[in-house]
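# Notes for the structure review
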Amino acid sequence: MPEPNGNATTMISGHSNSITTKTGTTVTVSPAEILMHEFVSHTAARLGRPDSGDAIKDENKARSQIPGLQQRLETGDPEQ
């Protein structure tokens, strides 16, 4: 849900993290990639613009449009 003023707040730490890809390898993701995930997977939904409703599927759609980014392993947990 959006905040009462119609906005949504998204914050990240600015630190890198790691994810498991569809090929089973672990890769480091940048703060920019983390922000992309937070926006396309969570913030857009809070603003009433959800895509599939599955956070990683939505992230992978964005990743497919950025050369060099690997697809993230889909866990079946829509909130991840």
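Residues numbered from 1 in each chain as written. Predicted model: local features only at pLDDT ≥ 70, side-chain atom pairs only at ≥ 80, totals over all residues. Heavy atoms only, no water.

Moving on, we get to the environment of Gly48. By the secondary structure assignment, Gly48 is in the loop between α1 (31-46) and α2 (55-63). The class of Gly48 is exposed, set by a relative accessible area of 56%. Along the sequence, Gly48 and Thr28 sit 20 residues apart, while their C-alpha atoms lie 30 Å from each other. (Helix = DSSP H or I, 4+ residues; strand = E, 2+ residues; numbered from the N terminus. Buried < 20%, exposed > 50% of the residue type's maximum accessible area, 1.4 Å probe, protein only.)

What follows concerns the environment of Ile56. Within the element layout of this structure, Ile56 appears in helix α2. Here Ile56 falls in the buried class, since its relative accessible area comes to 0%. In this structure the C-alpha to C-alpha distance between Ile56 and Val40, which are 16 residues apart in sequence, comes to 9.4 Å.

Further remarks concern α1. Residues spaced three or four apart along an α-helix point in a common direction, a consequence of the helix completing one turn every 3.6 residues. Here α1 is 16 residues long and its end C-alpha atoms lie 21 Å apart, about the 22 Å a rise of 1.5 Å per residue gives. Those residues of α1 lying buried are Glu33, Ile34, Met36, His37, Ser41, His42, Thr43 and Ala44. Next to the buried residues of α1 lie β1 (17-20), β2 (26-29) and α2. One or two positions beyond α1, positive phi appears at Gly48, with a value near 85°. (Expected span 1.5 Å × (residues − 1). Contact = heavy atoms within 4.5 Å.)

With 92% of its residues at a pLDDT of 70 or more, the chain has an overall mean of 87. Taken element by element, the predicted model of the chain shows its lowest mean pLDDT in α1 (89) and its highest in β2 (96). (pLDDT = per-residue confidence, 0-100.)

This part takes up the packing of α1 against α2. Between α1 and α2, whose axes approach to 8 Å, the crossing angle comes to 120°. In terms of axis orientation, α1 runs oblique to α2. In this structure, the crossing between α1 and α2 has a hand that is right-handed. Contact residues: α1 offers Glu33, Met36, His37, Val40, Ser41 and His42, while α2 offers Ala55, Asp58, Glu59, Ala62 and Arg63. For the contact of α1 with α2, the per-class residue count stands at 4 nonpolar, 3 polar and 4 charged. (Axes fitted to C-alpha atoms, helices over the stretch in contact; angles between N-to-C directions. Parallel < 35°, antiparallel > 145°, perpendicular 65-115°, else oblique. Left-handed = near helix turned anticlockwise from the far one by under 90°. Nonpolar A, V, L, I, M, F, W, Y, C, P; charged D, E, K, R; others polar.)

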